[in-house]
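# Breakdown of the fold
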Amino acid sequence: MSAVAFEYPDEIRAVRDGIEAFLHREVFRRHERFHVLLGDSSAKYSSGGIYSQEVCALIQEVRMASAKAGFYAMCAPEEIGGGGLGLLAYFAAWEKIFHLCGTKYWLGHHILGHWAKGPSPLLQALTPEARSVILPGIMSGEKTMCFGLSEPEAGSDAAMIKTQAVADGDGWQLTGGKIWTTNSPHADYAIIFAVTDNERASERAGGISAFLVPTNAKGFTRNQVIKMWGSAGGDESVMHFDNVRMEHHQLIGELHQGFPAAMRGVSLGRIYNCARAIGISRWALEMAFEYVKIRQTFGRPLSEYQGVTFPLATSAMEIHAGHLMSLNVAQLMDSGRRAAKELAMAKTFAVEAGVRALDRVIQTHGAIGMTNEMGLTDAFIILRKINIADGTNEMMRRLIVKEMLQGNLAL
């Protein structure tokens, strides 16, 4: 049963049904079989804070099984061997994954090619030589990549990056570093954004280029895993480049024009984070509404206490609204319409509503809601992080205001 009048096209409904069957077959069973390894952070991570070899192998197995089943690259462009499905399918698939998996079956978070880690529109701009090297492994799920844009002094204001690519014969020498790069501890390749024309970059008129760099290149080091929220490990590392040699075929797209490509990637990330927020919040709210029916206090079920259930109702309203906003913006973008304002609205609303929903669900469960077994604190952390990722909520509001001051007042 759906609360949304909009019906997905038959093709997308079939994909969502297929994803559900795949999760039961390839993901849920692995979690049941390896529940200690996948559920205990002390077993999940190595001493250095990266996933253990056993966990990396399971993640790769799931990616490759998904690629073989036709899901992993379904939203990548046909030009690079993907399925060519649009942003509505991208949102629909991710929302289904997070709704069914929550945080309990987190291997499911790897069955669709994330825009920064796997098959992605960003790869359309690769040179033919680079395609021949990277695409087979990326499209099959055997290999992964990461998206190196942020730096210690360039987060929300990404145009302030300092990493340099200096021309050297028919190639470049890369120097500098990156931080907060998802999947960087495990990636085989990195898309690195660097300044190639200091004057143009300082005037915010281009001057930034994108390059494809193998993470095992001479001079490329990953110095430490960034651990957050008290976790034993993490999925981000500090990367450093010490005169890394790059050949001409490693340039992605046009020289000095890498920043628009970066922003296209970030836009995909905002759709993805809408789906994460909606899917995980739905998963959590369903748990809460089941719990209040069976948990009794003072001789009555929690469902009879408005102080408990009304906050959940508020979150249900907010998540429903965020769901509708996300469906709308995905369709706007698929139709080729500019929807920067609407995407900023959807992402900000959905992720803020998601944090509130998880806080209320944990409060509803009481002490048990904070246990590792429930997975609710993991869900809260995920949603709290994406209030910063791919454009902070403050930056999103700044973008909305800018658009409306320029006359884009449509609501």
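Predicted model only: the values in this text are computed from it and were never measured.

## Side note on the pattern of salt bridges
On inspection of all chains with the given rule, the structure shows 20 salt bridges. Between Glu247 and Arg245 there is a salt bridge, with the nearest N and O atoms lying 3.2 Å from each other. Look at Glu247 and you get partly exposed, because its relative accessible area is 29%. On the basis of relative accessibility, which here comes to 30%, the residue Arg245 falls in the partly exposed class. For Glu318, the salt bridge goes to Arg360, with nearest N and O atoms at 3.5 Å. Of this pair, Glu318 sits in helix H9 (residues 306-334) while Arg360 sits in helix H10 (residues 340-365), and the two are 42 residues apart along the sequence. The buried category is assigned to Glu318, whose relative accessible area is 17%. The exposure class assigned to Arg360 is partly exposed, which follows from its relative accessible area of 22%.

## Structural notes on empty space enclosed by the protein
To find leftover empty space, a probe the size of one water molecule is rolled over the atoms. Across all of its chains, the model carries 1 cavity of 30 Å³ or more by this definition. If you trace the largest cavity, you find it lined by Leu122, Phe147, Ile191, Phe193, Ala210, Ile252 and Ala261. Across the lining of the largest cavity, the residue classes tally to 7 nonpolar, no polar and no charged.

## Things to note about the packing of aromatic side chains
Applying the stated criterion across every chain, the model contains 13 aromatic pairs. For the pair Phe6 and Tyr8, a centre-to-centre distance of 5.6 Å together with 80 degrees between the ring planes defines the contact as edge-to-face. The exposure class of Phe6 is partly exposed, given its relative accessible area of 29%. An aromatic cluster is present here, built from Tyr90, Trp94, Phe98 and Tyr272 joined pairwise through their rings. The side chain of Arg300 reaches across the aromatic face of Tyr305, ending 4.6 Å from its centre.

## Comments concerning the packing of helix H1 (residues 10-33) against helix H4 (residues 53-69)
Viewed as axis vectors pointing N to C, H1 and H4 meet at an angle of 170 degrees, and their least axial separation amounts to 11 Å. Between H1 and H4, the angle falls in the class roughly antiparallel. On the side of H1, the interface is formed by Phe22, Glu26, Val27 and Arg30, while H4 contributes Leu58, Glu61, Val62, Ala65, Ser66 and Ala69. Taken together, the residues of the contact of H1 with H4 break down into 6 nonpolar, 1 polar and 3 charged.

## Regarding the state of the cysteines
Inspection of every chain in the model, using the stated rule, returns 0 disulfides. A disulfide-free cysteine, Cys101 has its sulfur positioned 16 Å from the sulfur of Cys75, the nearest such atom. Accessibility expressed as a relative area gives 1% for Cys101, which makes it buried. No disulfide involves Cys274; its nearest neighbouring cysteine sulfur is the one of Cys75, lying 15 Å away.

Rules of the game
- Residues numbered from 1 in each chain as written.
- Predicted model: local features only at pLDDT ≥ 70, side-chain atom pairs only at ≥ 80, totals over all residues.
- Heavy atoms only, no water.
- Salt bridge = Lys/Arg side-chain N within 4 Å of Asp/Glu carboxyl O.
- Buried < 20%, exposed > 50% of the residue type's maximum accessible area, 1.4 Å probe, protein only.
- Helix = DSSP H or I, 4+ residues; strand = E, 2+ residues; numbered from the N terminus.
- 1 Å grid on protein atoms, 1.4 Å probe; cavity = no way out; pocket = protein on both sides within 12 Å on 5 of 7 lines; lining within 4 Å.
- Points joined across faces, edges and corners; volume = space filled by probe spheres on them.
- Nonpolar A, V, L, I, M, F, W, Y, C, P; charged D, E, K, R; others polar.
- Phe/Tyr/Trp six-rings, centres within 6.5 Å; stacked < 30°, edge-to-face > 60°.
- Lys NZ or Arg CZ within 6 Å of the ring centre and 35° of its normal.
- Axes fitted to C-alpha atoms, helices over the stretch in contact; angles between N-to-C directions.
- Parallel < 35°, antiparallel > 145°, perpendicular 65-115°, else oblique.
- Contact = heavy atoms within 4.5 Å.
- Disulfide = S-S within 2.5 Å.

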